[in-house]
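Understanding the architecture of this molecule
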Amino acid sequence: MTKRTLAPASIFILLFVSVASAHTGEGAGGGFVTGFLHPILGWDHVAAMVAVGLWGAFLGPPAIWLLPVTFPLVMAFGGALGVVGVPVPGIETGIAASALVMGLAIATAFRPPLTVAAIIVAFFAIFHGHAHGTEMPSATDPLAYAAGFVVGTGLLHLAGISFGLLSRYDAGVMAIRGMGAVIALAGLGFLTGTL
Amino acid sequence: MTYRSLAPLAGLLAVSPDVALGHDAFGDLGPFYGALLHPLADPTQGLIVAAIAVLLARQPIASVRWAWIALAIVGALTVGLGLLVPLAGPGLFVIALSAAGLGILALTGSDLGLWPSIVLSVGAAVLAGLAVDLPDGTRAAALAAFGGMVGISLGALLVWGLVDLLQTRFGRVAGAVVGSWIAAIGTMAIAFSIVAT
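Residue positions are given per chain, counting from 1 as you read along its sequence in written order. Chains carry letters from A onward and ligands carry numbers from 1 onward, assigned in written order. Side-chain atom pairs in this predicted model are given and counted only at pLDDT of 80 or more, local residue features only at pLDDT of at least 70, and totals for whole chains, interfaces and linings cover all residues. For side-chain calculations, the full set of non-hydrogen atoms in the structure is used, while hydrogens and water are omitted.

If you tally the helices and strands in chain A, you get 8 helices and 0 strands. For the exposure calls, accessible area comes from a 1.4 Å probe over protein chains only, and a residue counts as buried if that area is under 20% of its type's maximum, exposed if over 50%, partly exposed in between. For chain A, the proportion of its 195 residues judged to be buried stands at 51%. In chain A, of all internal contacts separated by at least 6 residues, the share reaching a separation of at least 24 is 83%. Residue burial considers only the protein chains on display, and all accessible areas are found by Shrake-Rupley using a 1.4 Å probe. When the accessible area of chain A is evaluated, it comes to approximately 8,900 Å², of which 74% is carbon and sulfur surface. A run of H or I in DSSP becomes a helix once it reaches four residues, and a run of E becomes a strand once it reaches two; helices and strands are each numbered from the N terminus. We call two residues contacting when some pair of their heavy atoms lies within 4.5 Å.

The next subject is the packing of aromatic side chains. Here a Phe, Tyr or Trp ring, Trp counted by its six-membered ring, pairs with any other such ring whose centre lies within 6.5 Å, and the pair is stacked when the planes are under 30 degrees apart, edge-to-face when over 60, and tilted otherwise. By the definition in use, this model includes 6 aromatic pairs over all chains. Arranged with centres 5.2 Å apart and planes meeting at 65°, the rings of Phe123 of chain A and Phe124 of chain A form a pair that is edge-to-face. Considering the side-chain rings of Phe32 of chain B and Tyr33 of chain B, the 5.1 Å spacing of their centres and the 75° angle between planes classify their relative orientation as edge-to-face. These aromatic residues form a ring-pair network of at least three members: Phe123, Phe124 and Phe127 of chain A. Over the aromatic face of Phe58 of chain A sits the side chain of Arg111 of chain A, whose NZ or CZ is 4.7 Å from the ring centroid. Cation placement over rings: the criterion is NZ of Lys or CZ of Arg within 6 Å of the ring centroid and within 35° of the ring normal.

Our focus in this paragraph is the packing of helix H3 (residues 43–59) of chain A against helix H8 (residues 170–192) of chain A. All names here are of chain A. Two elements in contact, H3 and H8, have axes separated by 10 Å at closest approach and are oriented at 150°. Relative to H8, H3 is oriented roughly antiparallel. You can see that H3 and H8 cross each other, and the crossing is left-handed. Contacts between H3 and H8 involve Trp43, Asp44, Ala47, Val50, Ala51, Leu54 and Phe58 on the former and, on the latter, Val173, Ile176, Arg177, Met179, Ile183 and Phe190. Just so you know the grouping, Ala, Val, Leu, Ile, Met, Phe, Trp, Tyr, Cys and Pro go in nonpolar, Asp, Glu, Lys and Arg go in charged, and all remaining residues, Gly too, go in polar. Taken together, the residues of the contact of H3 with H8 sort by class into 11 nonpolar, no polar and 2 charged. Note on method: axes are straight lines fitted to C-alpha atoms, helices fitted across the in-contact stretch only, with angles between N-to-C directions ranging 0 to 180 degrees. Here roughly perpendicular refers to angles of 65 to 115 degrees, roughly parallel to angles under 35, roughly antiparallel to angles over 145, and oblique to all remaining angles. By definition, any crossing whose near helix is turned counterclockwise from its far helix by less than a right angle is left-handed, and any crossing with a clockwise turn is right-handed.

What follows deals with the nonpolar core. Of all hydrophobic cores here, the largest spans 87 residues; its most connected members are Trp55 and Leu67 of chain A together with Ile48 of chain B. In terms of residues, this core owes the most to one element, helix H10 (residues 173–196) of chain B, which gives 12 residues. The residues contacting Trp55 of chain A, other than those within four sequence positions of it, are Leu67, Met102, Ala105, Ile106, Phe110, Pro112, Ala117, Ile120 and Val121 of chain A. The next biggest cluster of nonpolar side chains, apart from the first, holds 8 residues, and it includes Leu81, Ala97, Phe127 and Ala131 of chain A. Throughout this description, the term nonpolar core refers to a set of buried Ala, Val, Leu, Ile, Met, Phe, Trp, Tyr and Cys residues connected via side-chain atoms within 4.5 Å.

In this section: the environment of Ser180 of chain B. With respect to the secondary-structure elements, Ser180 of chain B resides in helix H10. Between the C-alpha atoms of Ser180 of chain B and Thr108 of chain B, which are 72 residues apart in sequence, the distance is 9.3 Å.

Right, let's talk about the packing of helix H4 (residues 63–84) of chain A against H10 of chain B for a bit. Two elements in contact, H4 of chain A and H10 of chain B, have axes separated by 8 Å at closest approach and are oriented at 5°. In this view, H4 of chain A runs roughly parallel relative to H10 of chain B, as classed from their interaxial angle. Between H4 of chain A, through Trp65, Pro68, Val69, Pro72, Leu73, Ala76, Gly79, Ala80, Val83 and Val84 of chain A, and H10 of chain B, the contact on the second element is made entirely by Val173, Ala176, Val177, Ser180, Trp181, Ala183, Ala184, Thr187, Met188, Ala191, Phe192 and Val195 of chain B. For the contact of H4 of chain A with H10 of chain B, the class distribution of residues is 19 nonpolar, 3 polar and no charged.

Bringing a nonpolar patch on the surface into the picture now. Residues and elements named next belong to chain B. Surface patches are defined over residues having more than 30% relative accessible area and no salt bridge, joining like charges when they lie within 9 Å and nonpolar side chains (Val, Leu, Ile, Met, Phe, Trp, Tyr) when within 5 Å. Any Lys or Arg side-chain nitrogen located within 4 Å of an Asp or Glu carboxyl oxygen qualifies as a salt bridge. Residues Trp66, Ile69, Ile73, Leu77, Leu114 and Trp115 make up a contiguous nonpolar surface patch of roughly 670 Å² in combined accessible area. Broken down by secondary-structure element, the contributors of at least two residues to the nonpolar patch are helix H6 (61–84) and helix H8 (114–130). At 4 residues, H6 tops the list of elements feeding residues into the nonpolar patch. Counting through the fold element by element, Ile69 comes out in helix H6.

Quick look at the layout of surface pockets now. A volume near 1,400 Å³ is recorded for the largest pocket. Secondary structure elements with two or more residues in the lining of the largest pocket: helix H2 (27–41), H4 and helix H7 (142–164) of chain A together with helix H4 (38–41), helix H5 (43–57), helix H9 (138–170) and H10 of chain B. Considering each element in turn, the lining of the largest pocket owes the most residues, 10 residues, to H9 of chain B. Residue classes in the lining of the largest pocket are distributed as 36 nonpolar, 5 polar and 2 charged. Both cavities and pockets are sets of points on a 1 Å grid over the protein atoms alone; in a cavity a 1.4 Å probe fits but cannot get out, in a pocket the set is open with protein on both sides within 12 Å along at least five of seven lines, and lining residues sit with an atom within 4 Å of a point. Grid points are joined across faces, edges and corners, and a volume is the space filled by probe spheres set on the points.

Our focus in this paragraph is unusual backbone geometry. Residues and elements named next belong to chain A. Across the junction of Pro61 and Pro62, the peptide omega takes the value 0°, indicating a cis bond. Its location among the elements puts Pro62 in the loop between H3 and H4. Of note, the phi angle at Ala109 is positive, near 55°, even though the residue is not glycine. Note that Ala109 resides in the loop between helix H5 (91–107) and helix H6 (114–135).

Bringing H5 of chain B into the picture now. End to end, H5 of chain B covers 20 Å across 15 residues, agreeing with the expected 21 Å (1.5 Å per residue, within 8%). In terms of burial, H5 of chain B is a largely internal element, 14 of the 15 residues being buried. How far a helix is expected to stretch is found by multiplying one less than its residue total by 1.5 Å.

Okay, structure coming up:
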């Protein structure tokens, strides 16, 4: 092995060792990271969050920002219910249905009045928020956990909006509707338990 | 630096990770930097600083200039008062309620005017100042107090700048989105503070 190949390998090992040892998951950082990863590591959450942004962008202004603003606010309400222990029936079903319904709305180019779209998004946000909120009290740092999952959720919305901006082009509209169909199928899979 | 000189150095660091993990770079100024970075380490202080910064980012620059000066002065005075008199830190409920309120105000994006902006900044500065932990020992406490003063004003300035930049690039809606995030975090924290007590 030459020094030329040794250098990148050494740097890689150096980075690997440092990262593995530095983050023990304790303290505020652990709470934030745990909350941040909660919506991102759950495919049902990912599908629904991306669908919110995608649908908002597909519907155009003002839905492009109203839906991503509505979602975290109502999600926080659902999360508060979860924190204080108020039971909400069918949490997992609601989360799976959110991907199915919003995926179908995108795939079929369904354009309801803005209020109706906001109500649909808000309704499903309660289920997502409750799922996050239930785990909040047991987090390393509950406040950092809440910040993490709100930011994580928001970034997934932004990912959906970014993709949804392709709706400016004819081919982009087809791509978005295709992605909506994929999200709807995933939602169906979550709902039936096949995914 | 060439590969030739980098390879032995990287190899040495790779087999001795303790060198990298020690992180005693702060040395004698540890209390200063600890307090300076406190908004990043303490979510309650970070939340209230971020909340007022986002609100100010939604206000006209003419209001922001005076409100930020008021925030810096009152934050410094509050931290300084903590050097003289032991002060109790703000409870999570108060911080959460304040952050949720500031987040909702930021979400609306309405122009509050100069004096309401200043009053809200002063209130946030007091809460942020009370959240600074001052260690025992005169020198350490003085260093931490100075770091806390800088941390509050600098933290608010940085977040304000970031949100202002986002609004310049993506429109004022970017500030509304961040405001909704602050309101959401505050709401969740209110619920938790109720359960925790």
